[in-house]
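Reading the structure
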Amino acid sequence: MTLADKRNIVRYINGEYVELRDLMVHEMTLHLNILDVAHKALYCSPSELFELVLGHLYTQRYIRRIADIETMDVDEEAGIATVKLNTAEANRIVTEDIPLSDKIVFDPEALLRNQERFYDESTLQKATAGIHRSALCSDWGTHMACIDVSRHNTIDKVTGKALMNGVSLHDKYIITSGRIPKDMIQKAVAIGIPMIVSRSTPTIAAVEVAKKANITLLGFSRENRFNIYTAPYRLKGCPVDSLLE
């Protein structure tokens, strides 16, 4: 299945009804069966489903490494994913947080360059206004990116793709297109990523969780600016002592 197709619609504009073709995104239901543990329905775009499942297991603390999975089968056509965890992992959810380094510092100018590339490459989002995108970045640039109808799924997909490729999350950050609620920060805590950046706004609850977890949270990242809500010391040159007291 493709990510988007054109459909017939009627638009009301300037006092007239106009027939036209409009690009719209697809959505599917992926039934995730974690044998003897849980059954879930994930509403997602029909792409990178293996990455989605792997990342979801990680962000929801069912696993801490790929080796915790004994078998995983994703039937894209049937919309079913079946996972069997190793015996030692099958009846527990990981509760410990991954420690975050206090020594990692990111260049704000490199961030702005990554941000510009992020929006330049968000072509389907611009064309449909129905898709979200997240990218894993560092001062060296963008390492990978994923799209989905759910902003939460984009975090899971990026996480899964990083795990599959052996890419560390602990010295990088995520740029995402959607607003940041509390549960998005909880995903960041679960995967041990030190900074998350959004074009939109975080909620107060998200800021509180980020502050407690020592995650750097940026919002309204647009053009040549961004807002810093927590842990400003991870931005090179930021006068920590005078901010966010």
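Structure first, text after, so check above.
Read on for an overview of the structure. (Residues numbered from 1 in each chain as written. Predicted model: local features only at pLDDT ≥ 70, side-chain atom pairs only at ≥ 80, totals over all residues. Heavy atoms only, no water.)

**Focus: the overall build of the chain**
Scanning the chain for helices and strands turns up six helices and 12 strands. Relative to the compact-globule value of 18 Å for 245 residues, the chain shows a C-alpha radius of gyration of 19 Å, a close match. Taking the principal axes of its C-alpha atoms as reference, the chain extends roughly 60 × 55 × 30 Å. Relative to its 245 residues, the chain shows a buried fraction of 47%. Long-range contacts, defined as pairs at least 24 residues apart, comprise 48% of the intrachain contacts of the chain with a sequence gap of at least 6. Total accessible area on the chain stands at roughly 12,500 Å², and carbon and sulfur atoms take up 50% of it. Between the centroid of the 29 positive side chains of the chain and the centroid of its 32 negative side chains there is a distance of 3 Å. (Helix = DSSP H or I, 4+ residues; strand = E, 2+ residues; numbered from the N terminus. Rg over C-alpha atoms; globule rule 2.2 N^0.38 Å. Buried < 20%, exposed > 50% of the residue type's maximum accessible area, 1.4 Å probe, protein only. Contact = heavy atoms within 4.5 Å. Areas by Shrake-Rupley, 256 points an atom, 1.4 Å probe, with all protein chains shown as cover. Lys, Arg positive; Asp, Glu negative; His and termini not counted. Charge placed at Lys NZ, Arg CZ, Asp CG, Glu CD.)

**Let's talk about helix 2 (residues 108-120)**
Here helix 2 spans 18 Å end to end across 13 residues, near enough to the 18 Å set by a 1.5 Å rise per residue. For helix 2, every residue scored as buried is listed here: Pro108, Ala110, Leu111, Leu112, Asn114, Gln115, Phe118 and Tyr119. (Expected span 1.5 Å × (residues − 1).)

**What about the pairing of strand 6 (residues 80-85)?**
Alternating positions in strand 6 separate cleanly, Ala81, Val83 and Leu85 being buried on one face and Ile80, Thr82 and Lys84 remaining unburied on the opposite face. Both strand 3 (residues 28-34) and strand 6 contribute to a ladder of four bridges, which runs parallel. Within strand 6, the position partnered with leucine 32 by the bridge is alanine 81. In this sheet, strand 6 lies alongside strand 5 (residues 69-75) in antiparallel orientation, the contact comprising six bridges. Bridging across to strand 6, aspartate 73 finds its partner in threonine 82. As consecutive antiparallel partners, strand 5 and strand 6 are separated by four residues, and within that stretch glycine 79 has a phi angle of approximately 70°, a positive value. (Pairing = 2+ DSSP bridges.)

**Looking at helix 5 (residues 182-191)**
Within helix 5, seven of the 10 residues are buried, which leaves the element mostly enclosed by the surrounding structure. Within helix 5, the full set of buried residues consists of Met184, Ile185, Lys187, Ala188, Val189, Ala190 and Ile191. Looking at the buried side of helix 5, the elements it contacts are helix 1 (49-59), helix 4 (151-164), strand 9 (173-176), strand 10 (195-198), helix 6 (204-213) and strand 11 (216-222). Positive backbone phi, approximately 75°, marks glycine 192, located one or two places after helix 5.

**Quick notes on the packing of aromatic side chains**
By convention here, two paired aromatic rings are described through the distance between centres and the angle between planes. Tallied over the full model, the rule gives three aromatic pairs. Between the NZ or CZ atom of arginine 64 and the centre of the ring of tyrosine 58, over which it lies, the distance is 4.2 Å. Between the NZ or CZ atom of arginine 199 and the centre of the ring of tyrosine 119, over which it lies, the distance is 4.8 Å. (Phe/Tyr/Trp six-rings, centres within 6.5 Å; stacked < 30°, edge-to-face > 60°. Lys NZ or Arg CZ within 6 Å of the ring centre and 35° of its normal.)

**Describing the sheet that holds strand 8 (residues 141-148)**
With mixed pairing, the six strands of this open sheet are ordered in space as 8-7-9-10-11-12. Of all the strands in the sheet, just strand 8 and strand 12 (225-230) have a single pairing partner and so form its edges. Geometrically, the sheet is characterised by an average inter-axis angle of 20° between neighbouring strands, direction not taken into account. Across the sheet, helix 4 touches strand 7 (132-138), strand 8, strand 9 and strand 10, and the angle it forms with strand 8 is around 130°. Against the sheet, helix 6 touches strand 11 and strand 12, its axis set at about 65° to strand 12. (Axes fitted to C-alpha atoms, helices over the stretch in contact; angles between N-to-C directions.)

**Quick look at the packing of helix 4 against helix 5**
Put simply, helix 4 and helix 5 touch, their axes get as near as 10 Å, and they point 10° apart. Here helix 4 lies roughly parallel to helix 5, going by the angle between them. Two secondary-structure elements touch here, helix 4 through Arg151, His152, Ile155, Asp156 and Thr159 and helix 5 through Asp183, Met184, Lys187 and Ile191. (Parallel < 35°, antiparallel > 145°, perpendicular 65-115°, else oblique.)

**Regarding a nonpolar patch on the surface**
On the surface, a cluster of nonpolar side chains totalling about 420 Å² of accessible area is made up of Val10, Tyr12 and Tyr17. When you line up the elements, tyrosine 17 lands in strand 2 (residues 16-25). In this structure tyrosine 17 comes out as exposed when scored by relative accessible area, which is 68%. (Patch = residues over 30% accessible without salt bridge, like charges linked within 9 Å, V, L, I, M, F, W, Y side chains within 5 Å. Salt bridge = Lys/Arg side-chain N within 4 Å of Asp/Glu carboxyl O.)

**A short note on the sheet that holds strand 6**
The strand order across the open sheet built from four strands is 4-3-6-5, with neighbouring strands paired in mixed fashion. At either margin of the open sheet sits one strand with a lone partner, and together these are strand 4 (38-44) and strand 5. The sheet shows a mean angle of 15° between the axes of neighbouring strands, direction not considered. Where strand 3 lies against strand 4, seven bridges are found, and the strand directions are antiparallel. From the neighbouring strand, leucine 32 faces strand 4, where its bridge partner is lysine 40. Strand contacts of helix 1: strand 3, strand 4, strand 5 and strand 6, with the helix running at about 140° to strand 5, the strand carrying the most contacts.

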